[in-house]
Amino acid sequence: MERWFSLFLLPLLLAACETLIYPDLPFEGDVLVMNARLSTADSVHTVHLAWSRRDSVAYVADAAVSCRVNGVAVATASGAKEGAYTFEARFAPGDEVVLAADAAGHHAEAAVTVPAAPVVDHPRWDRVRHAETAEEEPRDYYRVKVDVHDIPGQRNFYKAGLWSSYSVPGLGGYVRDEATGEYVQGTLSVTRQVRERYVTNYYDPLLGSSLDLSFGANDPYWNADELNYYRNLWNLFPDTSFADGVHTLVLAGRCSEVMRRPSATFEPDRQYEADACIRVRVFSLSEEDWRHLNMSRADLADFSIAGLDIDVYEQTQPYPENVTGGMGFVTVEAAVDVVVDIGPLRGTFHEIFPD
Amino acid sequence: MMKRLLSLLLLLAATAAGAQEILRTQLDTLQRRFAVQWVYDADLDLARPYTGPGLQGLPLERALDTLLDGSGLVWKRSGSHIVLKPAPKKGTVSGYVRDVRSGEPLIGAGVQCGPSGTVTNVYGFYTLPLESGRNRLTFSYVGYASRAVEVEVRGAVDLTVDLRSDAQVAPATVTARTDVGIGATLMGALEIQPSLIRNTPVLFGEADVLKTLQMMPGVQAGSLGMSGIFVRGGGGDENLVLMDGVPLYGVNHMLGLFSVFTPEAVKKVTLYKGAFPARFGGRASSVVDVRMNDGDMKEWHGSLTAGLLAEKVHLEGPLRKDRTAVSLSARGLHTVLAEPVLRLAKVPYNYFFYDVNAKLTHRFSERDIAYVSFYHGRDFFLRREDEDVSEHQWGPEPDYLPYDSRKARKRDIRVGWGNTAAAASWNHTFSSGLFAHTALTWNRYSMRTRQDGWRLQDDLDGHEEETTRYRLASGIRDLGLATDWDWRPSARHIVRFGGGYTLHRYTPESAGSVITSRDTVRTEMPGRAYNGHEAALYAEDDMVLGERFSLQPGLHLSLFHTGGRTDAVPEPRLSARWASGAWSVKGGYARMSQYVHLLTTGGFSMPTDIWVPITGAVRPLVSDQVSLGGYWTGVPGWEFSAETWCKTLRNVVEYIDPRLFYVTTVDWEGNVAMGRGRSFGVELLAERKAGRTTGWLGYTWSRATRIFPDGSINRGRRYPDPHDRPHKVNLVVNHRFSGRVDLSAAWTFASGQPVSYPTRVTEVQTVDGGVSESWYYPDRNNYRVPPTHRLDVSVNFHKRVRRGERTWNIGVYNLYGRNNPDVSFTDRRNDRRIILVNSTLLLCIPAFSYTWRF
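Quantities reported herein were computed from a predicted structural model and do not represent experimental measurements. (Residues numbered from 1 in each chain as written. Chains lettered and ligands numbered in written order. Predicted model: local features only at pLDDT ≥ 70, side-chain atom pairs only at ≥ 80, totals over all residues. Heavy atoms only, no water.)

Peer 1: Can you lay out the overall build of chain B for me, pointing to particular residues and giving the numbers?
Peer 2: Along the backbone of chain B there are 6 helices and 52 strands. The 854 residues of chain B split such that 55% are buried. Contacts spanning at least 24 positions in sequence make up 64% of the contacts within chain B whose residues lie at least 6 apart. Accessible area of chain B: about 35200 Å², with a carbon and sulfur share of 59%. (Helix = DSSP H or I, 4+ residues; strand = E, 2+ residues; numbered from the N terminus. Buried < 20%, exposed > 50% of the residue type's maximum accessible area, 1.4 Å probe, protein only. Contact = heavy atoms within 4.5 Å. Areas by Shrake-Rupley, 256 points an atom, 1.4 Å probe, with all protein chains shown as cover.)

Right, here's the structure in full:
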């Protein structure tokens with residue numbers, strides 16, 4: 001909306017007279033903010049702590065963070081880097097997770113119940129050749145289908161992602177590792193999130209990748225691997241149309257993206273072997289988490305035009321919060337992985353990594 | 001000699017015998033002359049003497065009228081027979097009241113006969129039951145000379161009267177209207193004259209229907225001088241805006257700075273904001289009934305206007321005198337004509353709109369009149385980008401070899417939106433004074449946007465070239481059939497009843513894109529279309545119960561079917577009035593329902609606003625309003641009123657997050673919440689209607705809040721509606737110095753709008769589990785910006801010219817340059833503090849226009 005607003009009223013805004021007001025609304029002082037998005041799929045978790053102030057936030061440099069699962073202390077967080085505290089723990093659906101933080105006399109705590117995980121089964125995959133239009137050359141896709149069984153008896157919200165990973169031992173020369181950015185020799189392992197737009201996804205009534213009418217630099221096509229808040233990157237969807245039932249989730253990745261060749265020198269005629277797999281991960285979310293995700297997805301879509309960076313239409317309501325004694329949002333998402341093995345793949349670079 | 005004397009005596013005797021003739025004898029004479037047969041009851045008294053003038057040489061109809069005048073008998077032809085019967089004790093007089101010069105029907109003209117009276121309906125038609133015999137009727141209308149007509153009432157009498165315009169007529173001599181205004185049983189109904197619309201000073205000197213309504217008590221304006229109206233706490237989509245009976249969805253141009261109504265084409269505007277006539281339904285808060293000119297039946301005339309922003313042309317006249325007339329109007333911004341030049345000059349932006357109105361009226365007879373009307377209006381926004389930069393650059397180390405780079409970009413964005421509406425209708429008057437209006441209507445509202453782009457980059461990284469094409473469309477189409485009947489069974493009852501059906505087709509959004517670079521990626525989202533079937537039946541009786549008390553009960557029964565689901569809402573309506581002398585008290589109750597919602601993200605009329613029908617998850621919006629008022633007309637030329645009201649709204653729909661307007665066919669119902677609204681207030685009005693100086697002073701105190709108990713918005717807490725502005729004052733003065741100069745001034749005051757202001761900065765999670773800084777709002781609409789007030793003035797200089805009259809209008813909007821908060825937003829400036837920025841976009845804007853009327 002702010003894009004339209006700016007397009008239409010920008011010329012007027014540039015010529016407007018401005019009056020600045022400093023509303024003197026009550027301010028209760030600094031508040032401890034705790035945010036954490038935890039997952040049953042991870043063993044290492046990050047808690048973000050900050051001080052909320054009138055006109056700024058500041059990282060909490062020295063805090064004690066603890067985690068209890070079902071009443072049992074399981075971990076304490078350490079090593080704050082820019083307010084990020086990490087700890088190790090494992091969660092399971094149904095667990096009562098309590099996260100607490102103490103800093104400078106402030107105590108913030110959040111208690112969440114890990115939602116039930118969806119049942120995701122029946123993975124199948126195939127490799128298809130598909131052309132968007134009759135005039136185009138068909139391209140190769142890895143198409144993965146899984147069945148998502150809705151958690152019965154309640155309103156449910158989900159998100160889904162597709163990753164690919166492969167390793168190429170003996171890759172000659174110096175290879176730039178995508179993950180670290182360093183040039184290494186030897187086996188190259190690559191994991192990347194792939195969320196290719198494939199025709200099935202377009203018409204999926206649940207996923208419906210929103211059309212991006214981007215007028216700025218965040219062109220979705222060129223930033224497919226980056227967090228793009230104009231699009232439904234995480235395939236968020238509710239159970240509106242398959243409540244208590246089953247939905248077949250289809251995610252596709254173009255082969256050239258799934259097995260994208262790293263930026264490196266290579267010997268074109270040399271034979272390589274790559275072990276590759278594709279992982280579909282489906283998370284179940286709480287309704288508050290769902291709202292929070294949708295709000296932050298929009299909130300962070302700042303619009304800039306002609307050098308102006310005015311957020312002319314503001315978020316008008318608070319985010320969901322569940323931290324007592326402070327502010328913030330803690331959530332644990334129940335994840336289910338389905339892994340399909342698509343390797344080993346053998347061939348020259350041009351075969352394993354088709355253009 | 002004797003013979004001549006005898007002949008004279010015989011002649012005298014014969015003459016004396018003729019003077020004693022009875023009706024039967026005359027009838028026998030007529031029977032021989034015209035070879036007709038009489039049919040009558042045997043006990044009909046035809047032996048009564050006839051002493052009237054002779055009937056020789058008269059045609060049959062006139063002879064019978066002359067013969068039976070005063071006899072208590074009436075006649076009716078049935079083939080070759082003439083039926084004679086006693087005259088009924090009661091009869092009806094019905095017909096049209098028109099302007100003698102143009103033949104234009106006059107809406108709300110008074111018709112009085114002793115204690116009985118009525119007013120013409122929206123088609124200028126009246127019916128008045130009277131006692132049989134000779135009656136004297138007086139016809140009157142504001143700004144017209146009254147006229148008295150004597151008529152012999154025997155059964156049903158057709159009487160169409162023409163009135164002559166006369167600016168000297170005092171309003172006190174005009175019969176008070178009984179359908180709107182203080183004299184009506186219905187409360188909360190205001191009539192706006194076209195002269196008031198033309199004379200009310202407004203933005204850029206462009207007279208505007210909706211902007212004039214904003215000056216009325218109980219009606220809030222939107223932000224930025226927008227022409228949206230928010231009536232008694234209702235939303236901008238809760239107003240049923242009708243153009244000749246056709247509901248319009250988009251009624252704003254230029255984000256709401258102007259409405260779609262060209263004032264020159266408007267005949268009458270009526271605003272219903274309290275109790276509603278039973279014939280209206282489909283919106284929860286108000287009805288704006290706009291009637292367009294029918295066309296001058298007598299002679300051609302028109303006007304040409306050139307203003308600061310727009311040109312207007314109006315032309316009306318008879319295609320066949322007293323039979324067929326046409327009215328044509330067109331309006332457009334200057335930039336319509338400048339677009340080709342702007343494109344050649346590579347001006348990056350352009351915006352324009354235009355309206356076209358056309359109406360054809362044909363009178364088959366006084367009993368049958370047909371209308372065909374057409375409207376088309378469109379807004380366009382264009383944006384162009386074209387840049388091409390070539391540079392000679394140094395390459396990277398170690399060689400620093402120079403190279404040429406080039407970056408080029410072109411983009412063309414076009415957004416267009418607007419309405420097209422058409423109606424074909426027929427008025428038929430039955431012999432008993434029963435009036436029927438039947439109409440077939442069609443309306444289409446659409447928004448389309450298209451972006452074409454091309455990008456090229458040539459540098460050390462290689463050559464990249466890409467073309468993009470996006471399109472987006474949204475719209476509604478309606479096809480409807482309705483019939484409305486007016487029946488006057490007695491002098492104390494006006495019964496109105498009727499019904500209608502409308503087929504709606506909603507296409508909230510469909511989109512597609514093609515991006516071509518190394519690959520071509522095509523995205524198509526054909527969009528989901530909804531069909532909606534809406535039907536309604538209604539009936540009401542405006543009844544006079546005694547000298548002082550009147551009651552208007554009614555029922556509107558509406559039904560809506562979509563997606564396999566049917567909703568029906570009975571909507572009772574009740575108004576009552578008690579009057580004694582100059583005092584009157586009114587009370588009213590009305591329920592209204594609405595089966596369509598406008599998803600909007602702010603107080604502005606945006607082309608991306610989407611109309612969506614109710615679904616299984618989104619229920620009909622229902623309002624209940626109770627109102628009470630007191631009125632006094634004890635000072636000639638003045639009216640004083642005080643009204644209070646309370647309104648509740650159920651199933652109000654809002655975006656959970658107002659920025660969640662993503663173009664998606666997926667689960668929009670999941671992005672909205674349903675809640676409740678509540679509003680109440682008091683409206684005071686003192687209005688002077690007569691004399692050189694007219695105008696009004698209005699004050700409104702009101703509150704409007706919303707609540708979403710499910711917690712989806714503002715954590716379930718009640719918060720002020722965006723248009724909750726507790727205090728509103730309007731002072732409007734029109735003074736006529738002479739026939740050549742008149743002045744209008746309007747002072748407006750309104751409390752500031754509530755906005756959301758962050759009280760601190762916090763962190764929120766991102767979708768990948770990281771965090772980002774965000775401003776924290778404890779409540780929605782938790783801060784009120786400073787109030788708005790301004791003075792608008794305009795002066796008209798009229799002069800008779802050889803052909804017609806010319807008028808210079810010079811005006812100033814916001815004369816004393818008040819820095820009103822037209823747009824408010826939060827921002828952070830160099831000191832890093834979060835502030836509220838009030839931008840004043842409309843600051844002391846002069847305007848002028850030249851009009852030639854011929």
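The structure having been displayed, the exposition proceeds.
Peer 1: Can you break down the side chain of Ser373 of chain B residue by residue, with the values?
Peer 2: Note that Ser373 of chain B resides in strand S25 (residues 368–394). Ser373 of chain B has contacts with Asp244, Ala358, Lys359, Ala421, Ala422 and Ala423 of chain B, leaving out every residue within four places of it along the chain.

Peer 1: Report on the sheet that holds strand S8 (residues 133–141) of chain B, specifying residues and quantitative values.
Peer 2: Residue and element names in this part refer to chain B. Taking strand neighbours across the sheet as the criterion, the 4 strands line up as S6-S5-S8-S9 in an open arrangement whose pairing is antiparallel. Each edge of the open sheet is held by one strand with a lone partner, namely strand S6 (116–119) and strand S9 (144–153). Strand-to-strand twist across the sheet, computed as the mean angle between neighbouring axes with direction ignored, equals 20°. (Pairing = 2+ DSSP bridges. Axes fitted to C-alpha atoms, helices over the stretch in contact; angles between N-to-C directions.)

Peer 1: Run through the pattern of salt bridges, naming residues and quoting values.
Peer 2: All names here are of chain B. Evaluation of the coordinates by the stated rule reveals 56 salt bridges over all chains. In this structure, the salt-bridge partner of Arg409 is Glu385, at a minimum N-O distance of 3.3 Å. Note that Arg409 is positioned in strand S26 (residues 402–429) and Glu385 in strand S25, a separation of 24 residues in sequence. Using a relative accessible area of 23% as the deciding quantity, one classes Arg409 as partly exposed. Under the relative-accessibility criterion, Glu385 is labelled buried at 19%. Among the ionic pairs, Glu773 bridges to Arg828, the shortest N-O distance being 2.8 Å. Note that Glu773 is positioned in strand S46 (residues 771–776) and Arg828 in strand S50 (residues 823–828), a separation of 55 residues in sequence. Judged by its relative accessible area of 15%, Arg828 is buried. One network of salt bridges, with partners in common, ties together Glu104, Asp244, Lys267, Asp294 and Lys359. (Salt bridge = Lys/Arg side-chain N within 4 Å of Asp/Glu carboxyl O.)

Peer 1: Describe the packing of aromatic side chains, listing the residues and the values that go with them.
Peer 2: Residues and elements named next belong to chain B. All chains considered together, the criterion is met by 27 aromatic pairs over all chains. Plain terms: the ring middles of Tyr249 and Trp611 are 5.3 Å apart, the flat faces sit at 70° to each other, and that makes the pair edge-to-face. Of this pair, Tyr249 sits in the loop between strand S16 (246–247) and strand S17 (252–253) while Trp611 is found in strand S36 (residues 610–613), placing the two residues 362 residues apart along the sequence. For Tyr249, a relative accessible area of 8% gives the class buried. (Phe/Tyr/Trp six-rings, centres within 6.5 Å; stacked < 30°, edge-to-face > 60°.)

Peer 1: Before we move on, could you go through the packing of helix H2 (residues 23–34) of chain B against helix H3 (residues 60–68) of chain B and cite the residues and values that matter?
Peer 2: Residues and elements named next belong to chain B. Running from N to C, H2 and H3 cross one another at 180°; their axes reach a closest spacing of 12 Å. Taken as axis vectors, H2 and H3 run roughly antiparallel relative to one another. Taken together, the residues of H3 that come into contact with H2 (itself represented by Leu23, Gln26, Leu27, Leu30 and Phe34) are Leu60, Ala63, Leu64 and Leu67. A breakdown of the residues in the contact of H2 with H3 according to their chemical character gives 8 nonpolar, 1 polar and no charged. (Parallel < 35°, antiparallel > 145°, perpendicular 65-115°, else oblique. Nonpolar A, V, L, I, M, F, W, Y, C, P; charged D, E, K, R; others polar.)

Peer 1: Explain the environment of Ala108 of chain A to me, and be specific about the residues and the numbers.
Peer 2: Turning to its location among the elements, Ala108 of chain A is positioned in strand S9 (residues 106–113). When the C-alpha positions of Ala108 of chain A and Val33 of chain A are compared, they lie 7.7 Å apart, and in sequence the two are 75 residues distant.

Peer 1: For the pairing of S9 of chain B, give the residues involved together with the corresponding values.
Peer 2: The side chains of a regular strand alternate, first on one face of the sheet and then on the other. All names here are of chain B. Pairing of S8 with S9 involves 8 bridges; the strand directions are antiparallel. By the bridge assignment, Leu137 is partnered in S9 with Val149. What sits between S8 and S9 in their antiparallel hairpin is a turn of 2 residues, with Gly143 showing a positive phi close to 85°.

Peer 1: Hey, could you go over the pairing of strand S51 (residues 834–840) of chain B for me, with residue numbers and the actual values?
Peer 2: Within S51 of chain B, 7 of the 7 residues are buried, leaving the element largely enclosed by the surrounding structure. The side-chain alternation of S51 of chain B yields two buried faces, one formed by Ile834, Leu836, Asn838 and Thr840 of chain B and the other by Ile835, Val837 and Ser839 of chain B. Note: strand S1 (residues 17–21) of chain A against S51 of chain B, 5 bridges, orientation antiparallel. Bridging from a neighbouring strand, Ile21 of chain A pairs with Leu836 of chain B of S51 of chain B. As paired elements, S50 of chain B and S51 of chain B share 6 bridges and run antiparallel to each other. Its bridge partner being in S51 of chain B, Val823 of chain B is matched across the sheet by Ser839 of chain B. Between S50 of chain B and S51 of chain B, which pair antiparallel and follow one another directly, the connecting turn spans 5 residues, one of which, Arg832 of chain B, has a positive phi of 70°.

Peer 1: Explain the side chain of Ser327 of chain B to me, and be specific about the residues and the numbers.
Peer 2: Residue and element names in this part refer to chain B. Mapped onto the elements, Ser327 comes out in strand S23 (residues 324–333). We classify Ser327 as buried; its relative accessible area is 4%. Setting aside its immediate chain neighbours within four residues, Ser327 contacts Asn293, Asp294, Gly295, His314, Leu315, Glu316, Asn357, Ala358 and Lys359.

Peer 1: Describe the environment of Thr331 of chain A, with residues and values.
Peer 2: Within the fold, Thr331 of chain A resides in strand S17 (residues 330–341). For Thr331 of chain A, a relative accessible area of 3% translates into the label buried. Separated by 220 residues in sequence, Thr331 of chain A and Ala111 of chain A place their C-alpha atoms 8.8 Å apart. In this structure Thr331 of chain A touches Ala36, Arg37, Leu38, Ser286 and Asp289 of chain A together with Gln765 of chain B, once residues within four positions along its chain are discounted.

Peer 1: An account of a positive patch on the surface is needed here, citing residue identities and associated values.
Peer 2: All names here are of chain B. A cluster of basic residues, Arg444, Arg448, Arg477 and Arg505, forms a positive patch at the surface. In this structure, Arg448 sits in strand S27 (residues 435–459). For Arg448, a relative accessible area of 48% translates into the label partly exposed. (Patch = residues over 30% accessible without salt bridge, like charges linked within 9 Å, V, L, I, M, F, W, Y side chains within 5 Å. Lys, Arg positive; Asp, Glu negative; His and termini not counted. Charge placed at Lys NZ, Arg CZ, Asp CG, Glu CD.)

Peer 1: Tell me about a nonpolar patch on the surface, and name the residues and values.
Peer 2: A surface patch of nonpolar side chains, about 740 Å² in accessible area, is lined by Trp300, Leu304, Val313, Leu315, Leu319, Leu328, Leu360, Val372 and Phe854 of chain B. No other element matches strand S22 (residues 310–320) of chain B, which puts 3 residues into the nonpolar patch.

Peer 1: Would you mind going over H2 of chain B in detail, with residue names and values included?
Peer 2: Residues and elements named next belong to chain B. Its 12 residues give H2 an end-to-end C-alpha distance of 16 Å, which sits within 8% of 16 Å, the value for a rise of 1.5 Å per residue. For H2, every residue scored as buried is listed here: Leu23, Gln26, Leu27 and Leu30. Projected down its long axis, H2 shows its buried positions confined to an angular sector of 100°, all on one face. Just downstream of H2 lies Ala35, where phi reads positive at about 55°. (Expected span 1.5 Å × (residues − 1). Arc of directions from axis to C-beta.)

Peer 1: Outline unusual backbone geometry, listing residues and values.
Peer 2: Excluding glycine, a negative phi dihedral is what most residues carry, and trans is how most peptide bonds are arranged. All names here are of chain B. Of note, Asn714 is a non-glycine position whose phi angle comes to about 55°, a positive value. Positive phi outside glycine occurs at Cys844, with the angle close to 45°. Relative to the elements of secondary structure, Cys844 occurs in the loop between S51 and strand S52 (845–853). A relative accessible area of 36% places Cys844 in the partly exposed class.

Peer 1: Describe the nonpolar core, listing the residues and the values that go with them.
Peer 2: Counting 36 residues, the largest nonpolar core has Leu203 and Trp417 of chain B as its most contacted members. Ranked by size, the runner-up nonpolar core spans 33 residues in total, among them Met216, Leu248, Val290 and Met292 of chain B. (Core = buried A, V, L, I, M, F, W, Y, C linked by side-chain atoms within 4.5 Å.)

Peer 1: Run through the confidence of the model for chain A, naming residues and quoting values.
Peer 2: All names here are of chain A. Across chain A, pLDDT averages 73, with 62% of residues at or above 70. At the level of individual helices and strands, chain A shows its lowest average pLDDT in helix H2 (residues 199–203), which scores 44, and its highest in S9, which scores 96. Across residues 1–5, confidence stays below pLDDT 50; counting only partners more than four residues off in sequence or on other chains, it has 27 contacts. Scored below 50 in pLDDT, residues 208–232 makes 81 contacts in the model with residues more than four places away or belonging to other chains. (pLDDT = per-residue confidence, 0-100.)

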